[in-house]
Amino acid sequence: MSLLGVLDSAVSGMTAQSQKLTNVGTNISNSDTVGYKEASTQFETLLGGADPGGVVGGGATIKTQNMITGQGTLQSTSSATDIAVNGSGFFIVQGSNGANVLTRSGSFVQNATGDLVNTAGYTLMGYSLTSGTGTSVANSLSGLIPINIGQGPLTATATTTATLSANLPSAASIVATASLPSSSTTTSAASATSYTDKSSIVAYDNLGAPVTLDVYTTKTAANTWEIDVYNQADAASGGGFPYSAAALNSTTLNFNSTTGALTSPSSISVAIPNGQTMTMNISSMTQLAAAYTPITAVTNGNAPSTFDHVSISSDGTLSSVYSNGTTVPSYKIPLATVSSPDLMTPESGNVFAPNLASGTVLVGTAGSAGFGSIDSATLESSTVDLASELTNMIVAQHAYQSNAKVFQTGTDMLDILMTLKQQ
Amino acid sequence: MSLTTAFQAAQSSMAVVSAQSNVVSGNIAGVNSPNYARRTANVTTDSAGLATVSSVTRATDQTLYDTMLSTTSASSAASAISSGLNTLQNTVGDTASAQSPAALVGTLISDLQSYVSSPDDMNQAQGVVTDAQTTATALNSASILVQTVRQQADTDMATAVSNINADLVKFQQANNTIISGGATSGAINDAMDTRDSILQNLSQYMGISTLQQSNGGTVIYTDSGVTLFETTPRTVTFSTTTPLSAGVTGAAVVVDGVPVTGSGSTMPLKSGSIAGLAQLRDTLAPTYQSQLDGIASGLISAFSETDPSGGGLPRQTGLLTWSGGPNMPSTSTGLAASIKINPAVDPTQGGSLTTLRDGGMAGAAYNGNSTGAASYSAHLQSMVTALNTAQSFSSSSGLSTSATVQNYATDSVGWLEAQRQSASNNSTFQTSMQTSATQALSNTTGVNIDTEMTKMLSLENSYQASAKLITAIDSMFNSLMGITA
């Protein structure tokens with residue numbers, strides 16, 4: 001190895017150390033950047049030749065290894081749209097150029113048009129749940145739409161299902177057939193109709209107007225009851241019979257005489273005036289020796305209501321919460337990953353672009369196998385540790401000094417060589 | 001764990017301590033508020049060792065709360081009944097009191113008996129007429145009092161119903177806040193305080209049971225199972241009846257189209273002030289009214305005049321008559337209100353005292369002493385006999401159906417006193433049940449100032465420790481910077 005080779009080695013060493021210092025600088029400057037992944041510096045040898053037993057001159061070069069899989073610490077915030085991935089996986093975001101890339105930087109805020117945009121200007125992408133479960137493509141970033149939580153129009157949902165359960169008193173007296181609600185007509189006298197118990201539930205028609213349904217349960221014979229559903233709006237003045245329209249449903253309930261459980265039917269259909277047909281699940285009705293005890297009264301659907309706020313669950317379901325308390329799932333925030341996340345190409349704005357080396361994209365649901373969960377009101381802090389960066393810096397400084405020393409020694413030796421000729 | 005993470009951990013610890021102090025100070029501020037339930041900040045640690053306040057929960061005990069609600073309802077019902085009966089008792093008095101109908105009937109009978117022995121003594125006749133006058137007036141005012149008590153109960157029911165409707169509207173707001181999750185968890189907890197206080201108010205008026213829905217909402221049913229609130233408030237309607245005279249039944253309270261009071265109700269309320277007031281208005285007071293009517297009817301019947309000649313003349317009212325006199329009343333209902341002295345015997349109304357001795361208030365044909373003999377006492381004797389003979393009374397009065405007027409009046413006093421005593425005992429018992437249930441709930445969910453202060457001290461220590469940690473990490477960074485320099 002020649003003296004000039006010594007100088008080359010020293011120069012490559014100095015270059016490599018200064019590049020390491022660049023990475024350290026980048027890490028330190030991003031020590032507070034949400035979703036930033038530390039860049040570590042790996043050195044490798046550059047050999048000038050392969051002369052077994054001989055002196056092989058060489059230098060060093062570096063490779064920057066982005067520790068993309070590293071989990072940053074999660075810090076809580078007060079904004080529901082600050083989200084972080086706890087575990088593996090990335091949010092899918094779209095840059096201004098329309099390309100979908102991956103990121104862990106989840107400090108999303110709503111922009112003027114209602115899209116969720118993070119601090120680097122990338123728009124969060126997801127599936128719409130408004131028409132079913134959404135269509136996901138497992139191995140592509142396509143088919144996604146920007147998640148928009150803008151103040152949409154008022155929404156109303158018609159009721160389609162309901163659950164009503166209660167214990168009917170087995171000891172109740174039997175109501176004569178002529179007095180049953182099913183025997184009543186629009187002209188019956190109020191006193192001509194008897195019932196055993198009454199409950200009522202609120203359902204919503206197509207336009208979201210509340211329809212209060214009166215539900216009468218009447219004992220017709222031992223272990224046999226009758227359930228009659230009326231629209232309360234048709235009730236006589238002050239409530240109750242006679243109703244000005246026929247019952248929306250009138251069904252006989254049969255109970256098991258031994259267990260008191262309902263044997264048939266398990267549900268009844270009620271056509272809500274101006275609304276959908278509501279399937280009312282009554283399978284949990286019982287007829288035991290206890291007083292009338294309502295146990296469940298639930299209907300779906302909601303009245304027209306303005307948007308209030310969003311909530312994001314750990315599986316990435318973004319729900320719109322309306323001012324009347326109704327929660328409607330509107331988007332699914334998917335997570336994506338690649339075979340080798342560390343090999344993705346980092347781009348400005350804490351985003352990573354999948355490439356050939358990193359492998360193909362796999363899109364899935366947060367919380368499912370291979371994906372972490374999504375934490376709302378949380379941000380993932382930078383993975384940079386200042387203390388390690390500072391120590392790396394000291395090491396790089398000393399290595400640089402040593403390389404400079406080698407260079408200086410080599411130059412000195414060349415100087416000696418030059419002076420030989422003059423003597 | 002790196003130095004930076006240590007720094008973040010110390011930071012998160014300080015943030016958690018601040019948040020916890022906030023909760024503790026809120027608890028201390030709420031110590032005197034009866035519906036404030038203790039809040040607890042729940043701290044969780046993530047994989048990196050960072051602590052966060054994940055939620056603030058509100059101390060609850062559903063069982064104790066339900067017990068508190070049911071005892072409140074039971075106590076309200078008992079106290080409504082007890083206070084109404086006390087009003088009746090205080091004014092009507094006991095047999096020893098000279099003002100009670102029983103005592104006055106006693107005086108009237110004994111004066112009549114002494115008059116029988118000296119039928120020529122017009123002063124004694126005047127005494128009997130005065131006694132009869134006093135008795136009639138006492139029955140009139142007792143009857144008015146019963147109506148006042150019923151009317152008051154009716155008005156109280158109307159007030160309770162309008163309060164219930166107002167409470168249900170407020171309940172809807174609190175319920176919606178809880179369902180929507182509110183902007184912050186603090187808003188939910190405050191709404192829960194409001195919700196609990198409204199439920200407690202409602203339970204005073206009527207017995208209620210609640211049902212939790214999966215979305216956090218609450219459904220309220222009356223203790224008889226009628227829907228009171230489900231997503232929206234149900235209408236509770238009631239209209240007062242004026243006047244509530246004897247035999248007039250007051251209107252029923254209707255919840256969601258179902259009458260919950262009155263005899264026609266298939267799902268009647270079991271407790272709460274409305275149930276108590278309804279029992280007072282529809283059962284207890286009318287029963288007492290029917291007893292007063294019975295006394296009046298017994299007196300009118302005992303003093304009635306018959307045809308002395310044994311002819312076919314109808315029986316007519318005598319010393320004591322009623323608004324429909326001189327014909328005999330066909331029913332006892334309302335007699336206590338209309339009983340009065342017969343004008344034909346009252347000298348102040350132009351009557352003659354001798355008709356008391358001789359008969360003939362209903363006309364000369366009924367005069368058994370046409371010769372005007374001063375010692376004629378047959379008519380007086382027959383009245384004394386009638387007074388001492390058992391008469392039949394309406395079974396709706398709850399007393400013996402066959403008794404002398406005097407015994408019937410005494411029994412009535414005994415009945416009222418027994419009812420009052422039992423209502424008063426029940427009220428005392430229910431109130432003490434309510435007090436202990438409220439105390440138990442407060443012990444479980446209320447704020448204990450000692451605990452909060454201790455918590456505050458330990459929070460102060462944690463804060464100091466975190467600050468110390470930050471100083472230590474800072475000095476470690478400084479050493480690193482020293483090397484670099």
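See the structure printed just above.
Residues numbered from 1 in each chain as written. Chains lettered and ligands numbered in written order. Predicted model: local features only at pLDDT ≥ 70, side-chain atom pairs only at ≥ 80, totals over all residues. Heavy atoms only, no water.

*Asks:* I'd love a proper account of the overall build of chain B, names of residues and values included.
*Replies:* The number of helices and strands found in chain B is 11 helices and 13 strands. Whereas a compact globule of 485 residues would reach a radius of gyration of roughly 23 Å, chain B reaches 37 Å, over 25% beyond that. Relative to its full complement of 485 residues, chain B shows a buried share of 47%. A separation of at least 24 residues holds for 63% of the contacts in chain B among residues at least 6 apart in sequence. With the model as given, the accessible surface of chain B reaches about 20,100 Å², and the carbon-plus-sulfur share is 54%. Here chain B contributes 15 positively and 29 negatively charged side chains, and the mean placements of these two sets differ by 9 Å. (Helix = DSSP H or I, 4+ residues; strand = E, 2+ residues; numbered from the N terminus. Rg over C-alpha atoms; globule rule 2.2 N^0.38 Å. Buried < 20%, exposed > 50% of the residue type's maximum accessible area, 1.4 Å probe, protein only. Contact = heavy atoms within 4.5 Å. Areas by Shrake-Rupley, 256 points an atom, 1.4 Å probe, with all protein chains shown as cover. Lys, Arg positive; Asp, Glu negative; His and termini not counted. Charge placed at Lys NZ, Arg CZ, Asp CG, Glu CD.)

*Asks:* A description of helix H9 (residues 378-388) of chain B should follow, citing residues and the corresponding values.
*Replies:* All names here are of chain B. Among all positions of H9, only His379, Leu380, Met383, Val384 and Leu387 are buried. End-on, the buried residues of H9 take up no more than an arc of 140°, which puts them together on one face. Of the surrounding elements, those touching the buried residues of H9 are helix H3 (101-117), helix H6 (273-302), helix H8 (354-358) and helix H10 (405-445). (Arc of directions from axis to C-beta.)

*Asks:* Which residues make up the interface of chain A and chain B, and what are the values?
*Replies:* Listed by partner, the interface residues are 40 residues for chain A and 38 residues for chain B. In total, chain A and chain B occlude about 3,000 Å² of area from one another, counting both sides; carbon and sulfur atoms represent 55% of this. Counting every contact that joins chain A to chain B gives 1 salt bridge. Among the salt bridges present, the one from Lys198 of chain A reaches Asp256 of chain B, with a minimum N-O distance of 3.5 Å. Our count for the contact surface shared by chain A and chain B stands at 10 residue pairs in polar contact (both at pLDDT 80 or more). Those elements that place two or more of their residues in the side of chain A that touches chain B are strand E3 (74-76), strand E13 (197-204), strand E14 (210-221), strand E21 (293-299), strand E24 (317-322) and helix H2 (386-422) of chain A. In the side of chain A that touches chain B, the residues fall into 18 nonpolar, 18 polar and 4 charged. (Buried area = accessible area lost by both parts, 1.4 Å probe. Salt bridge = Lys/Arg side-chain N within 4 Å of Asp/Glu carboxyl O. Polar contact = N/O pair within 3.5 Å; in protein donor to acceptor, adjacent residues only side chain to side chain. Nonpolar A, V, L, I, M, F, W, Y, C, P; charged D, E, K, R; others polar.)

*Asks:* I'd love a proper account of the packing of aromatic side chains, names of residues and values included.
*Replies:* Residue and element names in this part refer to chain A. Within this structure, the stated rule accounts for 14 aromatic pairs over all chains. On the basis of an interplanar angle of 40° and a centroid distance of 6.3 Å, the ring pair of Tyr195 and Phe241 is categorised as tilted. Of the two residues, Tyr195 sits in the loop between strand E12 (161-169) and E13 while Phe241 sits in the loop between strand E15 (224-231) and strand E16 (249-255), which places them 46 residues apart along the sequence. Classification of Tyr195 as buried rests on a relative accessible area of 12%. Residues Tyr230 and Phe241 carry aromatic rings whose centres are separated by 5.4 Å and whose planes lie at 90° to one another, so their mutual orientation is edge-to-face. Taken as a pair, Tyr230 in strand E15 and Phe241 in the loop between E15 and E16 lie far apart in primary sequence, 11 residues in all. Classification of Phe241 as buried rests on a relative accessible area of 6%. Through a chain of ring-to-ring contacts, the aromatic side chains of Tyr195, Tyr216, Tyr230, Phe241 and Tyr243 assemble into a single cluster. When the ring centre of Phe90 is taken as reference, the NZ or CZ atom of Arg104 above it lies at 5.8 Å. (Phe/Tyr/Trp six-rings, centres within 6.5 Å; stacked < 30°, edge-to-face > 60°. Lys NZ or Arg CZ within 6 Å of the ring centre and 35° of its normal.)

*Asks:* Provide a residue-level description of unusual backbone geometry, including the pertinent values.
*Replies:* The step from Ser264 of chain A to Pro265 of chain A runs through a cis peptide bond, and the omega angle for that step is -10°. Residue position: Pro265 of chain A is located in the loop between strand E17 (262-264) and strand E18 (267-271). Of note, the amide linkage connecting Thr242 of chain B to Pro243 of chain B takes the cis form, showing an omega dihedral of -10°. Inspection of the secondary structure assignment puts Pro243 of chain B in the loop between strand E7 (236-237) and strand E8 (254-255). One non-glycine residue, Asn350 of chain A, lies in the positive phi region at around 55°. The class of Asn350 of chain A is buried, set by a relative accessible area of 16%. Located in the positive-phi region is Thr231 of chain B, a residue other than glycine, with phi close to 65°.

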